[in-house]
Amino acid sequence: MIRRSPFTFAPWLLAGPGALFFFGLVILPLCLTVILSFHAYDHSKGIQDTFTLSHYAAVVTDEYYLSIFLRTLRISALTTLICAAIGVPEAYILSRMRDPWRSVFLLVIIGPLLVSVVVRAFGWSMLLGSQGILNQALHLLGLPSAKILYTETAIVIALVHVMLPFMVIPVWTALQKLDPMVEAAAWTLGASRFTALRRIVMPQVSLGVLSGSLIVFGLSASAFAVPALLGGRRLKMAATLVYDEYLQELNWPLGAAIAIIVLVANLCIMLAYNRMIEVRARRTLG
Amino acid sequence: MQRNGPIALAFHILVVTFVLAPLVIICLVAFTPENTLTLPTTGISLRWFKAVFAHPDFVTSFWNSIWLATISATLSVALAVPAALAISRYSFPGRDFLNALFLSPLIIPHLVLGVAFLRLFALIGVGGSFAWLVATHIIVVTPYVLRLVLAALSGLDRSAEQAARTLGAGEWTTFRRITAPMILPGITGGWLLAFINSFDELTMSIFVTSPATVTLPVRMYMYATESIDPMMAAVSALMIALTAVAMLVLDRTFGLDRILVGQR
């Protein structure tokens, strides 16, 4: 219930401090970073006061940066696909379980969301390392050892592990809204289980899958800890590249330009996501 | 209700194994008596846990993180509750913009926030101080609190408040005696979620911490890039245990599935 009263200062007094705080610490620093990305940089003299587009030009023309962006896109796309392939059936299986199993396993699947990503990445580096548990198991079975750590495969495996909850949650939410009797009705009317899945369940959850995919893709493309810990020095992604430019090369303007590109790409994805939610809301309202 | 077939259950077991494997391995390896990252086959030892508590860097960082998470979660509740009241109770110009501004840290990659703060702090010359680190964490965790408090407010029956007003209670008394107790689960859940998110934050903190204010995740990241020994597993196991406790509390106060799945 929203009060339609004559003009009042109350909301401004209530939200004002927070608004000022967010203005000063979100909008202002972002604007400063955009400006920084246009500053010239000299390796001996540091950040210059002259303005240039050279950082953006360097990023879109240099093979080295392009290859890192391509790798970021490739890894994020693969992660999204695998998350969908695992997360959608898993959410469906969860939704058909009975309590208490349903709540227990829902917590098992989405609970790791709350465990620090450093911890999870470290767990995978122990599992996949050259002396890791996986290779010890292979050794016991008399199989040759596999080199997985510090490859793109390791990054994708760990990213899937980190992102899976973000896929399961929207699909699960969509499935909760689906009346199980509709699927049962399709069976009664002679549809095979596969047909019922394809014609009844899939159309209902497709928006959940799409929104999950956008979130997973966006978060993967800007992920830092997983590529930093499982990709090693050589395999860089966009986020680890920004980190190196800032804290190792000390070329802040170039790092800022890359960060702004990551931000704009992310905002585009999230705007698409919001648009989709709106379309769905409009459709359900009729 | 249909049951899951054997193929579905086998798939489910594989997924659960995949999800739990890295966490279980950490908790097992943490108890190894060896010097390398191996499963404890010969016996169980607490030596690596002792090593963690004897390691001054980890202990300092742990307390840094605890204080940081406590203070930023508390201050973010203090910001988010009035903001949520304004957004849910009043119609005013810029309301949608304010809502979007408060939720924006959710869609800005933490990496970008980190470099933006770094630039701001370098310009105003306050890099590395604990107070400003708290400020950055408030920005990151406030959206979680705001969402839960907004959800609690929207599910609220206003008639109790109206009754209090009719009986002569002032705005502040009504809030303190009626509204606040009714949205308390939302506030508690929001505080805990904010605490966990601040405690776990790595990507942004790595840009804004100084050697004196290094948080536990940043310390762990730096340690893991330099050396790998079972001490890292012991710290990680402690973090998993702490998170599990927090999860249980969250589940009891607000329902964890409601917090994580809810209101979208």
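Chemist: Is there a simple way to think about the overall build of chain A in this case?
Modeler: Scanning chain A from N- to C-terminus turns up twelve helices and two strands. Shown N-terminal to C-terminal, the secondary structure of chain A runs as helices and strands in the order α-β-β-α-α-α-α-α-α-α-α-α-α-α. With the C-alpha coordinates of chain A rotated into their principal frame, the extents come out at 80 × 75 × 30 Å. Across the 286 residues that make up chain A, the buried fraction comes to 42%. Of the contacts made within chain A by residues no fewer than 6 positions apart, 70% connect residues no fewer than 24 positions apart.

Chemist: Got a minute to help me understand the overall build of chain B in this structure?
Modeler: Scanning chain B from N- to C-terminus turns up twelve helices and zero strands. Reading chain B from its N terminus to its C terminus gives the helix and strand order α-α-α-α-α-α-α-α-α-α-α-α. Looking at chain B as a whole, 45% of its 264 residues qualify as buried. Contacts in chain B between residues far apart in sequence, at least 24 positions, make up 76% of those at least 6 positions apart.

Chemist: How should helix α5 (residues 110-124) of chain B be read in this particular structure?
Modeler: Note: α-helices contain 3.6 residues per turn, so residues at a spacing of three or four share the same orientation. Residue and element names in this part refer to chain B. With 15 residues, α5 ought to run about 21 Å at 1.5 Å a step, and its terminal C-alpha atoms sit 21 Å apart, in line with that. Counting buried positions over the 15 residues of α5 gives twelve, a clear majority of the element. Every buried residue of α5 is listed here: His110, Leu111, Val112, Leu113, Gly114, Val115, Ala116, Phe117, Leu118, Arg119, Leu120 and Phe121. Positive backbone phi, approximately 70 degrees, marks glycine 125, located one or two places after α5.

What counts as what
- Each chain carries its own residue numbering, running from 1 in the written order of its sequence.
- All chains are assigned letters beginning at A, and all ligands numbers beginning at 1, according to the order in which they are written.
- Restriction of local features to residues with pLDDT of at least 70 applies here, the model being predicted, together with a cutoff of 80 or more for giving and counting side-chain atom pairs; totals for whole chains, interfaces and linings are based on all residues.
- Working definition: helices are DSSP H or I runs of at least four residues, strands are E runs of at least two. Numbering for both runs from the N terminus.
- Counting other C-beta atoms within 10 Å of each residue's C-beta, where C-beta atoms are placed from the backbone, gives the exposure class: buried for 20 or more, exposed for 12 or fewer, partly exposed between.
- We call two residues in contact whenever the C-beta atoms placed from their backbones are within 7 Å.
- Under the convention used throughout, the expected extent of a helix is 1.5 Å for every residue step, that is, one less than its residue count.

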